[in-house]
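Chain and residue survey
Spelled out from the first residue to the last, the chains are:
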Number of protein chains: 2
Amino acid sequence: MSATSTKSRTYSISQLAEEFAITTRTIRFYEEKGLLQPKRNGQTRIYSAADRVKLILILRGKRLGLSLEESKDIIEMYHPDQDNSHQLQTLIDKIREKREQLKTQLDDLRTMMRELDEAEARCADALTVMKNVTTSS
Amino acid sequence: MSATSTKSRTYSISQLAEEFAITTRTIRFYEEKGLLQPKRNGQTRIYSAADRVKLILILRGKRLGLSLEESKDIIEMYHPDQDNSHQLQTLIDKIREKREQLKTQLDDLRTMMRELDEAEARCADALTVMKNVTTSS
DNA sequence: GCTGCCGTTGACGTTAACGTAAACTTGGCG
DNA sequence: CGCCAAGTTTACGTTAACGTCAACGGCAGC
């Protein structure tokens, strides 16, 4: 059994930056805001697989329009401070609240999708009409 | 048939502000950015039902994380400049693009919902364990 | 030893989406 | 008439989420 197993991969800041198409500045910024706490090798930051997952959560949050603060909360939902779990009920409440928000968002999304469909149909119709006019003249 | 029919209702700026729980400043700001073009009675702005619909679109866009610029585009999808319809194809492309974005967003939403469910379940479990410990001692 | 290249911190700049404040007009009413 | 409430414009302030230098350290290769 060799010591160089597959477990506990690590990443450099530029590796992560490239993988997720963001800048190193951005990653450091997230750390500054307390969303990431990578290990260090002297000066240099070393990111674990868990850090990478957190980044994924942050970026997904961004796509959903969450603020960094909100993403921070979400991350803590996944990694509740082991000793800090006396706030479990608070956490559950937060989750429920967030889920409510996501639900309205989902409704908004569906509505907008439907309306976009209709808008496209109208545009397509208009285009057809124009073609007919030009070919029949 | 009286002249005071139900058609073409109008709204004052503060009426709309109250209805949608935003400030008048915000509404004027949207106008400044070209999202609204209310009629005027001298100085005073007068909003039509169409203006109100546009506001609804803007606010829904906001909930979905759209920028005002994007909401502006969306609004134009609903009210394509009649004479300006030579850009219909461009418009359709925009709609398709926007729908793609909404699709990823929908996936993100579903994923996050699912994961929140799991997180809540884990928290609930943890709570149960704690109760058992305290009652069995 | 010099040159890149990657990494670091720190400071300042930028954009979007409003908030806030000042200074003014205008219609209604007691 | 005096005054208030609601409206207006203009201008500056604010927050979040980075971008953009600047100045520096370490090390790999020539």
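Quick caveat: nothing in here was measured; it's all calculated off a predicted structure.

Below, the discussion takes up the side chain of A:Arg60. Along the chain, the position of A:Arg60 falls in helix H3 (residues 49–63). One polar contact links A:Arg60 to B:Glu115, side chain to side chain, over a distance of 2.4 Å. Those residues in contact with A:Arg60 that lie beyond four places of it in its chain are A:Tyr78, B:Asp108, B:Thr111, B:Met112 and B:Glu115.

Our focus in this paragraph is the protein's contact with DNA strand C. As a matter of local geometry, DNA strand C sits amid 17 residues, with A:Ser14, A:Arg28, A:Arg45, B:Thr23 and B:Tyr30 nearest to it. Within 4 Å of the protein, atoms of DNA strand C come from sugar and phosphate in 76% of cases. In the model, a phosphate oxygen of DNA strand C is placed 3.0 Å from a nitrogen or oxygen of the A:Arg40 side chain. Of all the secondary-structure elements, those providing two or more residues to the surface near DNA strand C are helix H1 (13–19), helix H2 (24–32) and strand E3 (44–48) of chain A together with helix H2 (24–32) of chain B. Ranked by the residues each element gives to the surface near DNA strand C, the list is headed by H2(B), at 4 residues.

Quick look at the environment of B:Tyr78 now. Mapped onto the elements, B:Tyr78 comes out in helix H4 (residues 68–78). In sequence terms B:Tyr78 and B:Lys54 are 24 residues apart; their C-alpha atoms lie 9.2 Å from each other.

Between the two copies, chain A and chain B, the superposition gives an RMSD of 0.1 Å; the rotation angle is 180° and the shift along the axis is 0.0 Å. Taken together, the rotation and translation relating the two chain copies correspond to the operation of a two-fold axis. Within chain A, the C-alpha atom positioned nearest to the axis of rotation is that of A:Gly65, 2.4 Å from it. By residue overlap, the copies meet face to face through one surface: 100% of the interface positions of chain A are interface positions in chain B.

Lining the immediate environment of DNA strand D, one finds 17 residues, of which A:Thr23, A:Tyr30, B:Ser14, B:Arg28 and B:Arg45 sit closest. For DNA strand D, the backbone portion of the atoms within 4 Å of the protein, that is sugar and phosphate, comes to 74%. Contact between DNA strand D and A:Arg25: a base oxygen at 2.9 Å from a side-chain N or O atom of the residue. Contact between DNA strand D and B:Ser14: a phosphate oxygen at 2.4 Å from a side-chain N or O atom of the residue. At the level of elements, H2 of chain A together with helix H1 (13–19), H2 and strand E3 (44–48) of chain B are the ones that each hand at least two residues to the surface near DNA strand D. Top element by residues in the surface near DNA strand D is H2(A). It accounts for 4 residues. Its residues assigned to classes, the surface near DNA strand D comprises 4 nonpolar, 7 polar and 6 charged.

Conventions used here
- Numbers given to residues run from 1 along each chain, matching the order in which its sequence is written.
- For this description, chains carry letters from A and ligands carry numbers from 1, given in the order in which they are written.
- Side-chain atom pairs in this predicted model are given and counted only at pLDDT of 80 or more, local residue features only at pLDDT of at least 70, and totals for whole chains, interfaces and linings cover all residues.
- Note that water and hydrogens are dropped before the side-chain values are worked out from all heavy atoms of the structure.
- Under the DSSP-based scheme used, a helix requires at least four consecutive residues in state H or I and a strand at least two consecutive residues in state E, with every element numbered from the N terminus.
- We define a polar contact as two N or O atoms separated by no more than 3.5 Å, with the added condition that, inside protein, one atom must be a possible hydrogen donor and the other a possible acceptor, whereas residues neighbouring each other in sequence contribute only through side-chain atom pairs.
- By definition in these notes, contact holds between two residues if any of their heavy atoms fall within 4.5 Å.
- Near is defined per residue: the residue qualifies when any heavy atom it owns lies within 4 Å of the molecule or strand.
- A least-squares fit on C-alpha atoms brings the copies together, and the residues used are those whose pLDDT is at least 70 in both copies.
- Each residue gets one of three labels, nonpolar for Ala, Val, Leu, Ile, Met, Phe, Trp, Tyr, Cys and Pro, charged for Asp, Glu, Lys and Arg, and polar for the others, Gly among them.

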